[in-house]
Amino acid sequence: MTDALKTSVLALDGGGTRCRLALSGVAGVTAVETGSANISTDLDGAVQQVTDGLARLSEVTGHAVEVLVTCPIYIGIAGVTGPVIADRFAAALPFHRARVTDDRPTALNGALGGSDGLIAHCGTGSFFAAQLEGQCRFAGGWGAILGDPASAQWVGRRALSCTLEEVDLLREASGLGAHLLNRFGGSAEIVAFAASATPADFGRVAPDVTEFAATGDPLAVDILNAAGRELSSTLHKMGWVAGLPLCLTGGIAPQFLPYLPPAMQEACISPKGTPLDGAIILAHEFAQEVRDDDH
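We now turn to the structure provided with this report. (Residues numbered from 1 in each chain as written. Predicted model: local features only at pLDDT ≥ 70, side-chain atom pairs only at ≥ 80, totals over all residues. Heavy atoms only, no water.)

**Let's talk about the overall build of the protein chain**
Argument step 1. Along its length, the protein chain carries twelve helices and nine strands.
Argument step 2. Taken against the 2.2 N^0.38 rule, which gives 19 Å for 295 residues, the C-alpha radius of gyration of the protein chain at 21 Å falls within 12% of a compact globule.
Argument step 3. Taking the principal axes of the C-alpha coordinates as reference, the protein chain spans close to 70 × 45 × 30 Å.
Argument step 4. For the protein chain, with 295 residues in total, the buried portion stands at 47%.
Argument step 5. Excluding contacts between residues fewer than 6 apart, the proportion of contacts in the protein chain whose partners are at least 24 apart in sequence is 62%. (Helix = DSSP H or I, 4+ residues; strand = E, 2+ residues; numbered from the N terminus. Rg over C-alpha atoms; globule rule 2.2 N^0.38 Å. Buried < 20%, exposed > 50% of the residue type's maximum accessible area, 1.4 Å probe, protein only. Contact = heavy atoms within 4.5 Å.)

Now the structure itself:
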């Protein structure tokens, strides 16, 4: 490692929408962005996204990849369901010292710092986290098949499912349903799309839902109301009480604010930072552990 990078760290925040890789040191923070990654659904693809990010970071900073990989790195990435897959992912990467966790600690750290509160993170997937009296608790993040309520993919999939109910005359026709039938070319085409769609593919339907909800479309409003109920129920189970700060993080989460109970709406605050900021904080803590062990 060069003297310029002696106290530097790498941090990565990765999920269903994008990966962000940053070099943090005395010269400040330099970050680059690559595509989506989830190590449960596509570990090899996630490795490729990190590899691409390293190459881009090398170009931007002027430091060779062989030098960058000597910096300690903290990786918070979607799809980490336990230590076995985390270790497998770390072993497939070129870093000398790496700590791999799911993306929940980075989001919590970035949003709340050291303060008490809760977060509902709704991007392509979703999870919940609480930081109360120095103790952290996490829930969700189990993926599209078994979980991820109120995520963008959940919203998109629900919209398509309800559209098919409209085709069967089980729901009142809606502007959103008509729009989705036109967008995909019909009910058969929706079924064909869903058969091979990834969570990110479903997530790309969600902006249509939020756009139609803003006009009062009954189907869109019904879906976002259901998302609000999912968030409210889980946050209460996680320990939220009136007055505790609450952050809605992730791409679609702020869209749910009007659909939460009034007390929760009043408790919502802006995140102190991003998940990448949280990953950088945790990377510096990890680097300190590494230095202590070396001594």
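Resuming the write-up.
**Focus: unusual backbone geometry**
Residues other than glycine predominantly adopt negative phi, and peptide bonds predominantly adopt the trans conformation.
Argument step 1. The residue E133 is not glycine, and still its phi comes out positive at about 50°.
Argument step 2. Tracing the sequence through the fold places E133 in the loop between β7 (126-132) and β8 (135-140).
Argument step 3. What makes E133 exposed here is its relative accessible area of 74%.

**Focus: the pairing of strand β6 (residues 117-122)**
Argument step 1. Within β6, six of the six residues are buried, which leaves the element mostly enclosed by the surrounding structure.
Argument step 2. Neither face of β6 is open: one carries G117, I119 and H121, the other L118, A120 and C122, and all of them are buried.
Argument step 3. Where β6 lies against β7, six bridges are found, and the strand directions are antiparallel. Note that in β7 the partner of L118 across the bridge is A130.
Argument step 4. Between β6 and the antiparallel strand that follows it, β7, lie three residues.
Argument step 5. Bridge analysis of β6 against strand β9 (residues 246-249) gives four bridges, and the strand direction is parallel. Bridge assignment links A120 to a residue of β9, and that residue is L248. (Pairing = 2+ DSSP bridges.)

**What to know about helix α6 (residues 175-184)**
Argument step 1. Every buried residue of α6 is accounted for by L176, G177, L180 and F184. Around the axis of α6, the buried residues are gathered within 100° of arc, so they sit on the same side.
Argument step 2. Tucked into the core, α6 has its buried residues touching α5 (152-167), α7 (187-196), α9 (206-213) and α10 (218-237).
Argument step 3. G185 sits one or two positions beyond α6 and adopts a positive phi of about 100°. (Arc of directions from axis to C-beta.)

**Comments concerning a nonpolar patch on the surface**
Argument step 1. Side chains of W142, I145 and L146 sit close together on the surface and give an oily, nonpolar patch of about 480 Å² of accessible area.
Argument step 2. When you line up the elements, I145 lands in the loop between β8 and α5. (Patch = residues over 30% accessible without salt bridge, like charges linked within 9 Å, V, L, I, M, F, W, Y side chains within 5 Å. Areas by Shrake-Rupley, 256 points an atom, 1.4 Å probe, with all protein chains shown as cover. Salt bridge = Lys/Arg side-chain N within 4 Å of Asp/Glu carboxyl O.)

**As for the side chain of N109**
Argument step 1. Along the chain, N109 falls in helix α4 (residues 104-112).
Argument step 2. On the accessibility criterion, N109 (18% relative accessible area) is buried.
Argument step 3. When residues no more than four places from it in sequence are discounted, the contact partners of N109 are G278, I281 and L282.

**Thoughts on the pattern of salt bridges**
Argument step 1. A complete count under the given rule lists seven salt bridges for this structure.
Argument step 2. In this structure, E33 and R18 form a salt bridge, with 3.1 Å as the shortest nitrogen-oxygen distance. Taken together, the positions of E33 in strand β3 (residues 28-34) and R18 in the loop between β1 (9-14) and β2 (19-25) put the pair 15 residues apart, joining distant regions of the chain.
Argument step 3. We classify E33 as partly exposed; its relative accessible area is 38%.
Argument step 4. For R183, the salt bridge identified is with D208, shortest N-O distance 2.5 Å. Pair noted here: R183 is in helix α6 and D208 is in helix α9, with a separation of 25 residues, a long-range link.
Argument step 5. D208 gets classed as buried once you look at its relative accessible area, which sits at 12%.
Argument step 6. Linked by salt bridges that have partners in common, E165, R171 and D222 make up one network.

By themselves these figures say nothing about function.
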